[in-house]
Amino acid sequence: MNLTHYRPTSSLNATTLVTDWPSYLAIAILSGTLFSFAGTSGLIVATLTAITWLVLGVPGAIAIGHIALVAIVDPTLTDIAIAEVGFVSLVLATAIRDSQAMTTLIATTLALIVFATIAIGATTIFPMWTAASLLIVTIAVSMYFIHRIGLVHLGLIHGGETA
Amino acid sequence: MRPTRSTVAVGGLAILLALLAVILADVYLLVGAAIVGAWLVGRQAAFLRELIDLDSDLAIVQSVDDPTVAPQATTRVTFEAIRYAGERLRCTIEANAPVAAQLESIPQLTLIPEFNEARTDTTITWPVAGRHRFKPATITATDGLFEETLSKGPRPTVTVHPHGRRTFHVGAGGGRIAGAFGTHRTDATGPGFETDHLREYVIGDPASAIDWKATARHLETYVREYAAETDREVHLILDHRPTTDIGDPGGTAIEGLVSIALAIIETTRHRGDPLGLITVATDGITAHHHPTANEASLGRMRRHLTDLTPTRTSRHTARSPVSAPTVDRLWEEQNPFTDTLRPFVTDRGAYRRHIEEQPLYHGLETTIHRRHGPGLVVLLTTDADPTELRETIRLARRHEHDVLCYLAPQVLFDDLVARDPTAAYERYVDFEELRRELTAWQGVTALEVGPHERLAEILEAGRRRRTVVSA
């Protein structure tokens, strides 16, 4: 049963537009970082990202931002490192205004470190398809792990079958 | 923790980025997939934290206004939810009424962010007799990305018992009484809640007993005494011999007596007094529950009473109430009459043995031997055997128990009033004399139990007779 039609952290909301200053700061940082190495093209990518963030929320903005950057700018490894500062700040900005800010920040940061390490590290050892598969599997396992922790905490595991 | 369609969409985005990374051989897109995945994991962790808080700080009330009802009766159910945490989640809370309950719609509450309280009342009809227990409420919580279902809340029980389809009159001499079974006081003072009196402080009194307001008023140190409260054992002795199997369906004597017994169990349960139950039939004791205030044991007593039916066989014979003293005096005389009769009477203990074999008497004797100190004996029986009744009450009084006697007069349950109203009234007068005789004894209260309408008919017959006589 789906109780709500949810638009992930979409900012097209009057209240949010006023109170969501961390996200606007993150968009500003993103624009700055992209402009620093790609100039006007970088600003176009930042504008696309900002619009997507307003309409679809953070995940959509991250996806569109990365695709646009590859399509328009063709960044180097150094450019990627600089650009990611902007995107990561956008992700962390949504965590700051969460009612469970500390939990969200810790979990997001840990996941970012692990997933980014796998994404970048695995591509240096394995072919791209293996690295991509490894990343997706890691994300899925992480989410299943949290799911199991939840079941234990909430007492929703009602004993196992005994031999 | 189930993902919603939004979560699937976000996961799809991460997979799409990973696929594009493979197709375009660009690690930057794979990093993008990693960031989307990290965002999703962060949201999931936040949802879990919120859910755990909600689980511990969500108060749910499921209560029924009347836990004991007759079939087809309705009860009002209050369903309320208040949360003190997990305020970001949207919660749908659904009551889980028993299968046997008939309700217009399932009570449902919705808590949305900024609305943390909800309440609804509904009416439930109970068509099926038995014990029906609610299940905990089902809570479905979601933040839009994930959702989880929890069970929480109290499980009230409604007992629908077949007895009591008709309301019974309980009273004395045709009049109703508000309540014969209530609180009890001791003459002693001690720890308690009800103020007994104020007195001046004497050395040795604890400082905590000082009533500072009274001390300030009187300029002397005063202490407040409280009425001591004690637990008094209550012994229910219920007769379900064939003599109680009289009356119209739904309004028989046994049903009236069982209704009262159930009400007494509820009262003692609220007061915390230990209660024992003995049921007696023709062949003796059919169940013996020792005095206890334990909730589970009281529940067993309730179930036993709910399932109780009158026994079918009877070997009961009543002996004349004046036989014992008369016979005793008879044997002291020496004359041809007694000389002739003496061989036919085995011994002078025959009457006593006969009484001791009577189920009601034997039932009380059994429980009296097991306890110490005066308590309250509640007899629930008919007026079919006044001799046994008197002797049973005497036994209770010998052990200094107070006696509360609920009597179902047989005349209130048979159809004599329809056939011969005058004869029915005379039988009722006989019963009333017995009841008054018993009530006149110290420490004994006797009350009548019967259908309202039959009693009204008999009293009306009496009024008519008096009118005719006076005319």
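About the cut-offs
- Residues numbered from 1 in each chain as written.
- Chains lettered and ligands numbered in written order.
- Predicted model: local features only at pLDDT ≥ 70, side-chain atom pairs only at ≥ 80, totals over all residues.
- Heavy atoms only, no water.
- Salt bridge = Lys/Arg side-chain N within 4 Å of Asp/Glu carboxyl O.
- Buried < 20%, exposed > 50% of the residue type's maximum accessible area, 1.4 Å probe, protein only.
- Helix = DSSP H or I, 4+ residues; strand = E, 2+ residues; numbered from the N terminus.
- Pairing = 2+ DSSP bridges.
- Right-handed = clockwise from strand over helix to strand, strands pointing away.
- pLDDT = per-residue confidence, 0-100.
- Contact = heavy atoms within 4.5 Å.
- Buried area = accessible area lost by both parts, 1.4 Å probe.
- Polar contact = N/O pair within 3.5 Å; in protein donor to acceptor, adjacent residues only side chain to side chain.
- Core = buried A, V, L, I, M, F, W, Y, C linked by side-chain atoms within 4.5 Å.

A.B. asks: How do you make sense of the pattern of salt bridges when you look at a structure like this?
C.D. replies: Close approach of charged atoms allows side chains with opposite charge to pair. All names here are of chain B. Under the defined criterion, the tally for this structure stands at 20 salt bridges over all chains. Between Asp-415 and Arg-419 there is a salt bridge whose closest N-O contact spans 3.2 Å. For Arg-419, a relative accessible area of 58% corresponds to the exposed category. Among the charged side chains, a network of salt bridges with common partners joins Glu-266, Arg-269, Glu-295 and Arg-302.

A.B. asks: It is not clear to me how the pairing of strand β21 (residues 402-408) of chain B should be interpreted in this structure. Could you clarify?
C.D. replies: Residue and element names in this part refer to chain B. Counted residue by residue, β21 has six buried out of seven residues, so it is predominantly covered. Of the strand pairs in this sheet, strand β20 (residues 376-382) and β21 are connected by seven bridges, and their pairing is parallel. Of the residues in β21, the one forming a bridge with Leu-379 is Cys-405. Handedness of the crossover joining β20 and β21 through helix α10 (residues 386-398) is recorded here as right-handed. Relative to strand β22 (residues 444-451), β21 runs parallel, the two sharing five bridges. Across the sheet, Leu-407 pairs through a bridge with Glu-448, a residue of β22.

A.B. asks: Would you explain the confidence of the model for chain B in this entry?
C.D. replies: Detailed reading of the predicted coordinates is not advisable wherever pLDDT falls low. Residues and elements named next belong to chain B. In this model, chain B carries a mean pLDDT of 80, and residues with pLDDT of at least 70 account for 83%. The element-level mean pLDDT for chain B is lowest in helix α6 (residues 323-332), coming to 59, with helix α1 (residues 5-24) highest at 92. Here residues 183-194 scores under 50 on pLDDT; set against residues more than four positions off or in separate chains, the count is 32 contacts. Low pLDDT, under 50, characterises residues 314-322; the predicted model gives this stretch 17 contacts beyond four residues in sequence or across chains.

A.B. asks: It is not clear to me how the interface of chain A and chain B should be interpreted in this structure. Could you clarify?
C.D. replies: By a frequent convention, interface size equals the accessible area lost on bringing the separate parts together. With 56 residues of chain A in contact, the opposing surface of chain B contributes 57 residues. Roughly 4,700 Å² is buried in total at the junction of chain A and chain B, and carbon and sulfur atoms are behind 76% of that figure. One can count zero salt bridges joining chain A with chain B. The tally of links from chain A across to chain B stands at four residue pairs in polar contact (both at pLDDT 80 or more). Elements supplying a minimum of two residues to the side of chain A that touches chain B: α3 (58-72), α4 (77-96), α5 (101-125) and α6 (128-153) of chain A. Here the side of chain A that touches chain B takes 15 residues from α6(A), the largest share from any one element.

A.B. asks: Please explain the nonpolar core as it appears in this structure.
C.D. replies: It is characteristic of soluble globular proteins that their nonpolar side chains tend to be buried jointly. One finds A:Leu135, B:Leu30 and B:Ile93 to be the most contacted residues of the largest nonpolar core, which totals 78 residues. Broken down by element, the residue count for this core peaks at 17 residues, all from helix α2 (residues 27-57) of chain B. In this view, B:Leu30 contacts A:Ala119, A:Thr123, A:Met128, A:Ala131, A:Ala132, A:Leu135, B:Ala18 and B:Ala21; residues no more than four positions away in its chain are not counted.

A.B. asks: Please clarify how the sheet that holds strand β9 (residues 130-133) of chain B should be interpreted in this entry.
C.D. replies: Within a beta sheet, neighbouring strands are joined by backbone hydrogen bonds and run either parallel or antiparallel to one another. Residues and elements named next belong to chain B. The mixed open sheet is built from three strands, whose spatial order is β3-β12-β9. Both outer strands of the open sheet, β3 (68-69) and β9, are each paired with one neighbouring strand and no more. In the sheet, β9 pairs with strand β12 (residues 157-160) via four bridges, with the strands oriented antiparallel. Across the sheet, Arg-131 pairs through a bridge with Thr-159, a residue of β12.

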